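# Fold and geometry: a report
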Amino acid sequence: MAYNNLIRDLTIGDNVYKFFDLNGLGDARYSKLFPENVIPQPLFLSDELPISIKYLLEAAVRHCDEFHVLKKDVETILDWKNSQRKQAEIPFKPARVILQDFTGVPAVVDLAAMRDAVQNMGADPAKINPVCPVDLVIDHSVQVDHYGKYVFDFDLDALAKNQSIEFERNRERFNFLKWGSKAFDNLLIVPPGSGIVHQVNLEYLARTVFVGKDGVLYPDSVVGTDSHTTMIDGSGVLGWGVGGIEAEAVMLGQPISMVIPEVIGYELIGTLSDTVTSTDLVLTITKNLRDLGVVGKFVEFYGTGVASLSIADRATIANMCPEYGATIGFFPVDKRTIDYLTQTGRDSDYTQRVEQYLKSVGMFVDFTNDSYRPTYTTTLKLDLGSVVSSVSGPKRPHDRVELATLAQDFTKGLTDKISFKAFGLKPEDATKTVTVTNNGRTAELGHGSVVIAAITSCTNTSNPSVMLAAGLVAKKAVELGLNVQPYVKTSLSPGSGVVTKYLEASGLLPYLEKIGFNIAGYGCMTCIGNSGPLDEPVTKAIEENNLVVAGVLSGNRNFEGRIHPHVRANYLASPPLAVLYSIIGNVNVDINGVLAVTPDGKEIRLADIWPTRSEVAKFEEEFVKPQFFREVYANIELGSNEWQQLECPAVKLYPWDDNSTYIKKVPFFDGMTNELPPQSDITNAHVLLNLGDSVTTDHISPAGSISKTSPAARFLASRGVGQRDFNTYGARRGNDEIMARGTFANIRLVNKLASKVGPITLHVPSGEELDIFDAAKKYMDAGIPAIILAGKEYGCGSSRDWAAKGPFLQGVKAVIAESFERIHRSNLIGMGIIPFQFQAGQNADSLGLTGKEQFSIAVPSDLKPGQLVDVNVSNGTTFQVICRFDTEVELTYYRNGGILQYMIRKLIQ
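Counting of residues starts from 1 at the beginning of each chain's written sequence and follows it residue by residue. Confidence filtering applies because this is a predicted model: local features only for residues at pLDDT of at least 70, side-chain atom pairs given and counted only at 80 or more, and all residues used for totals across whole chains, interfaces and linings. Side-chain metrics in this entry use all non-hydrogen atoms of the structure; hydrogen atoms and water are not considered.

On to the overall build of the protein chain. Tallying secondary structure elements over the protein chain gives 31 helices and 34 strands in all. When the 909 residues of the protein chain are sorted by exposure, 63% land in the buried category. Here, residues are in contact when the closest pair of their heavy atoms is within 4.5 Å. Sequence separation of 24 or more characterises 76% of the internal contacts of the protein chain that already satisfy a separation of 6 or more. Note on charges: Lys and Arg go in the positive column, Asp and Glu in the negative column, and His and the chain ends are not counted at all. Charge positions are represented by NZ for Lys, CZ for Arg, CG for Asp and CD for Glu. Across the protein chain, the centroid of the 86 positively charged side chains sits 2 Å from that of the 104 negatively charged ones. Segments assigned H or I by DSSP are reported as helices when at least four residues long, segments assigned E as strands when at least two residues long, and all are numbered from the N terminus. Each residue is assigned to one of three classes by its accessible area relative to the maximum for its type, calculated with a 1.4 Å probe on protein chains only: buried under 20%, partly exposed between the two thresholds, exposed over 50%.

This brings us to the domain arrangement of the protein chain. Just so you know, the domain bounds were taken from an automatic or database domain assignment. With domains assigned, the protein chain is organised as domain 1 (4-92), domain 2 (395-611) and domain 3 (682-701 + 743-908). Inter-centroid distance (C-alpha atoms) of domain 1 to domain 2 is 49 Å.

Running from amino to carboxyl end, helix H15 (residues 464-480) crosses helix H21 (residues 613-623) at an angle of 110°, the nearest separation of the two axes being 9 Å. With respect to H21, the axis of H15 lies roughly perpendicular. Remark: the crossing between H15 and H21 carries right-handed chirality. Contacts between H15 and H21 involve Pro-464, Ser-465, Leu-468, Ala-469, Leu-472 and Lys-476 from the first element and Glu-615, Val-616, Phe-619 and Glu-620 from the second. Orientation is described by axes fitted as lines to C-alpha atoms, over the contacting stretch for helices, and by angles from 0 to 180 degrees between their N-to-C directions. Throughout, the term roughly parallel applies to angles under 35 degrees, roughly antiparallel to angles over 145, roughly perpendicular to angles from 65 to 115, and oblique to all others. In a left-handed crossing the near helix is turned counterclockwise from the far helix by less than a right angle, and in a right-handed crossing that turn is clockwise.

The omega torsion across Gly-393 and Pro-394 is 10°, close enough to zero to call that bond cis. As for its placement among the helices and strands, Pro-394 is situated in the loop between strand S16 (390-392) and strand S17 (400-402). In this structure, Ser-694 is a non-glycine residue whose phi angle is positive, near 55°. Residue position: Ser-694 is located in the loop between strand S26 (682-690) and helix H24 (697-700).

Our focus in this paragraph is the sheet that holds strand S33 (residues 868-873). Taken in spatial order, the seven strands of this closed barrel run S26-S29-S30-S31-S34-S33-S32, and their pairing is mixed. Neighbour-to-neighbour, the strand axes of this sheet turn through a mean angle of 40°, independent of strand direction. Pairing analysis gives four bridges linking S26 to strand S29 (residues 786-789), with the strands arranged parallel. Among the inter-strand pairings, Asn-690 is bridged to a residue of S29, identified as Leu-789. Only strands that DSSP links by at least two bridges are regarded as paired with each other.

Buried within helix H25 (residues 711-718) are the following residues: Pro-711, Ala-712, Ala-713, Phe-715 and Leu-716. Structurally, H25 contributes buried residues whose contacts are with helix H26 (736-742), strand S28 (768-771) and helix H27 (772-781). Gly-720 lies just past H25 and shows a positive phi near 85°.

Summarising burial for strand S13 (residues 298-302): five of the five residues are buried, a large majority. The alternating pattern of S13 places Phe-298, Glu-300 and Tyr-302 on one face and Val-299 and Phe-301 on the opposite face, and all of these are buried. Pairing geometry for strand S12 (residues 263-269) and S13, over five bridges, is parallel. From the neighbouring strand, Gly-265 faces S13, where its bridge partner is Glu-300.

We define a salt bridge as a contact between a side-chain nitrogen of Lys or Arg and a carboxyl oxygen of Asp or Glu at a distance within 4 Å. Enumeration according to the criterion identifies 44 salt bridges in this entry. For Lys-805, the salt bridge identified is with Asp-110, shortest N-O distance 2.7 Å. With Lys-805 in helix H28 (residues 802-809) and Asp-110 in helix H4 (residues 101-120), this pair connects stretches of sequence that are 695 residues apart. Taken individually, Lys-805 and Asp-110 each receive the classification buried, so the pair is uniform in this respect. Taken together, the shared-partner salt bridges connect Asp-27, Arg-29, Glu-75 and Asp-79 into one network.

Relative to the helices and strands, Leu-595 resides in the loop between helix H19 (575-584) and strand S24 (596-597). Classification of Leu-595 by relative accessible area gives buried; the value is 8%. In this structure, the C-alpha to C-alpha distance between Leu-595 and Lys-93, residues 502 residues apart in sequence, is 53 Å. Setting aside anything within four residues of it in sequence, one finds Leu-595 in contact with Leu-580, Ile-584, Val-589, Asp-590, Ile-604, Arg-605 and Leu-606.

On to the packing of aromatic side chains. Planes of paired rings set the category: under 30 degrees apart is stacked, over 60 is edge-to-face and the rest tilted, where pairs are Phe, Tyr or Trp rings (Trp by its six-membered ring) whose centres lie within 6.5 Å. For the structure shown, the criterion picks out 26 aromatic pairs. Between the aromatic rings of Trp-240 and Phe-298, the centroid separation amounts to 5.7 Å while the plane-to-plane angle is 50°, which identifies the pairing as tilted. Remark: Phe-298 occurs in strand S13 and Trp-240 occurs in strand S10 (residues 238-241); sequence separation between them is 58 residues. Of the residues examined, Trp-240 reaches a relative accessible area of 2% and is grouped as buried. The rings of Phe-176, Trp-179, Phe-184, Tyr-654 and Trp-656 are connected pair by pair, giving a single aromatic cluster. Put simply, a charge is over a ring when the Lys NZ or the Arg CZ is close to the ring centre, within 6 Å, and near the line of the ring normal, within 35 degrees. Geometry around Tyr-3 places Lys-71 over its ring, the cationic atom sitting 5.7 Å from the centre. Here the guanidinium or amino end of Arg-396 rests over the ring plane of Phe-420, the centre of that ring lying 4.0 Å away.

Confidence of the predictor in every single residue is expressed as pLDDT, which spans 0 to 100. In the predicted model, the protein chain carries a mean pLDDT of 91, and 96% of its residues have values of at least 70. The low-confidence segment residues 33-45 (pLDDT under 50) makes 20 contacts with residues lying over four places distant or belonging to another chain.

Across the interface, H15 lies against helix H16 (residues 497-505) with an axial gap of 11 Å and an inter-helix angle of 45°. By the angle class used here, H15 and H16 are oblique. Considering the relative orientation of H15 and H16, their crossing is right-handed. Between H15 and H16, the contacting residues are Pro-464, Met-467 and Leu-468 on the first element and Val-499, Tyr-502 and Leu-503 on the second. Grouping the constituent residues of the contact of H15 with H16 by class yields six nonpolar, no polar and no charged. Only Asp, Glu, Lys and Arg are considered charged in this grouping, and only Ala, Val, Leu, Ile, Met, Phe, Trp, Tyr, Cys and Pro are considered nonpolar; every other residue, Gly among them, is considered polar.

By the secondary structure assignment, Lys-161 is in helix H5 (residues 158-183). Classification of Lys-161 as partly exposed rests on a relative accessible area of 39%. With 360 residues separating them along the chain, Lys-161 and Gly-521 place their C-alpha atoms 9.3 Å apart.

Considered for burial, the residues of helix H22 (residues 626-633) that qualify are Phe-628, Phe-629, Val-632 and Tyr-633. Buried residues of H22, viewed axially, fall in a sector of 110°; they line one side. Elements in contact with the buried residues of H22: helix H6 (197-205), helix H11 (335-343), H16 and H21. What the arc describes is the spread of directions from the helix axis to the C-beta atoms.

Another point: the sheet that holds strand S4 (residues 96-100). Taking strand neighbours across the sheet as the criterion, the five strands line up as S6-S5-S4-S9-S10 in an open arrangement whose pairing is parallel. Each end of this open sheet is capped by a strand with a single partner; those strands are strand S6 (187-190) and S10. Each adjacent strand pair in this sheet contributes to an overall mean axis angle of 20°, direction not counted. Of the strand pairs in this sheet, strand S5 (residues 134-137) and S6 are connected by four bridges, and their pairing is parallel. Each bridged residue has a counterpart across the sheet, and for Val-137 the counterpart in S6 is Val-190.

Of note, Arg-173 is situated in helix H5. Of the residues examined, Arg-173 reaches a relative accessible area of 1% and is grouped as buried. Separated by 2.9 Å, the side chain of Arg-173 and the backbone oxygen of Ala-731 make a polar contact. Two N or O atoms form a polar contact when they lie within 3.5 Å of each other; inside protein one atom must be a possible hydrogen donor and the other a possible acceptor, and for residues adjacent in sequence the pair counts only when both atoms belong to side chains.

Let's shift gears to the pairing of strand S23 (residues 569-572). Burial of the side chains of S23 extends over both faces: Ala-569 and Tyr-571 are buried on one face and Asn-570 and Leu-572 on the other. As paired strands, strand S22 (residues 550-553) and S23 are joined by four bridges and run parallel to one another. Residue pairing for S23: Val-552 is matched across the bridge by Tyr-571.

Structure (structure tokens):
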């Protein structure tokens, strides 16, 4: 390696480690010059580079081989103050990759299919093997309930019943993953029932500082196939979400090609007031950063206010990084991080190694030191004392609403023109109510009625302060004689078993169970759309009266159609607010007024039921103990008896079952050869979809339940699968036949080519309105290429590789959008779909395009990143679009037909 001269010894306790001493670069942009073996004070060495950029620098120095990583790449990072403005490209090799099962299954399917392709090309299939640690957490399989009853009807058996059904339905997927853990090196599987991937990552999988080969220390860094991988940034591990396709290439040794980012410094001062939560803080930060515009940028937090935030609070803020649009929301390691590592059961050798190494390389921070102010691209400032109670919604996570104005905001939105804030009802329909009898109780159901109240999602369930606060609200409610409304579906899905232990130890879990918040499972549930069905009387009332009902969930995503198909207004809120609104029963209630009435007639207001931060802190100090973390994670990799009993073939090539509806060999590599495929223009393409702004990956590739009237349902029925066993699109991601049919299957999709909202489109040649898959198949059968027209933020939301794989299988050759979400643009390129961007001030409407035209796009053989390309339309219009290949590496992937095809050719050379 080019910088082996920088390797130094570091003695920590009785152990001698090695590390790359970046001070040895002798470059004042990284550090001032100090005598050899002297650790300078203060702990940060130079303010010219943000800590997050130092992580990139260390990785570049350590991997510099003048092949994957060049010395000029190291110089580009060192010169960040200047290079950040130049769109300079750098490679980055993260320390590891993390997956969850919705993305993990298709990733392992791809790897298995790549092995087959390599063998068919006459090479050794063992060349397809992860070269870095890959952690896969099975966390997305559990629905809140599978039988259509409310969770509290299960009482304390909800967890056991749901997990049993989870195994029954997903045995084939689990068996496949277990095969993968044996067939591939460096693949660790965390079995189902263990928790949410990001909480398990935070509490257990994160290394903070790796001990590599020959005892070399280096900072932990990770990319993951879920956009909320950024949660780990709250603990000082550099991590972000990438497309599943890109993650597979990283597993196989390919560096990530990235433009060196601008870094926004976000200064936090003061402390939070006694009645607000970390959820209120993150929703405020999300709104502020969305307003600034941080897409493609790093955000790094600093300031004395950071010192007052727990690691769980910081992780909550880092988790919602995709919602504010940045690549990372990073909190460097400080003393509080070390305390957290101790609290979560890491031993003293671990914590000493972390602290001493990071101090040695200038990556350890003292946030109480007000003079710590690195150089940033630009800065923001927030006084934590100014944060007030908030929610976000009803359709987007960055549309923050102060709790005090929620009722007014919702009421106004009922009759305003349909938008991200409004529903377009007629004024005479806005006060409609209906009497519903459910579970033996009768109540009025109307607009704003809360039919789902869920403590869910990685964002909040990893944070003891808000989970204990939820328990305290439940305790006060029970003691006052209050109960949830009969139409509310409640659930509690913690991110790990640790939450159960401290809720039990504190005595708060029985109160949550008393009002219906039983533990339904450990995993990503309501937030991903695994909310299960509502009770039939509730569903019937909603459908027959066109009611705009609400969900209140402690999640991070509330896009249309994601949480539940019958719930149009969804509000992201803290766990205690989820409990509170299950009792209030409607978001259209003044939070400062009377919220409920006890059986003896006492009027209850917020102060009567809401815990203070100091009250919560006493519970957290007493009941969140290191022993809980050690007990939960001691045998986590062993799994349940059901997991241990799974049997899988001990072979390197997977024995595909043609009759399987869960696992199928993908067709992406069929007929592949060593030669590059011919590059062709897009000629006389039809528009499959003409879409507006903020089309999410939930619209493109939904993860929730499979509708009984959908093309995917028809396919499953033709294979003898009953409706009860359809499962979800997320669980079926290992079968491309189902996923191609499920692409654009969201019931809330607004397509300008269709006469109504839903998963339909116009097949232009015939004039028929068809299911989108059926129209796409007609184009493909006729040999006609398809394109998509879209507005701003195309592909925002979760980092789903199937949101690119699905369109590829529907014959889509290009997407022309006003702008793209970062990860989705990468996924499109990874599948060989060209992302074109309208020039500033232009879009389909301004150019007079209806989507009924045909489009021809000449793709130059010497195409360059960012080049303008001509588009010729059949109506005589000609315009230019920006080719959003941002780097030469991305162009190389495209010319190979995709990133995985590139990796196969590279590995067998």
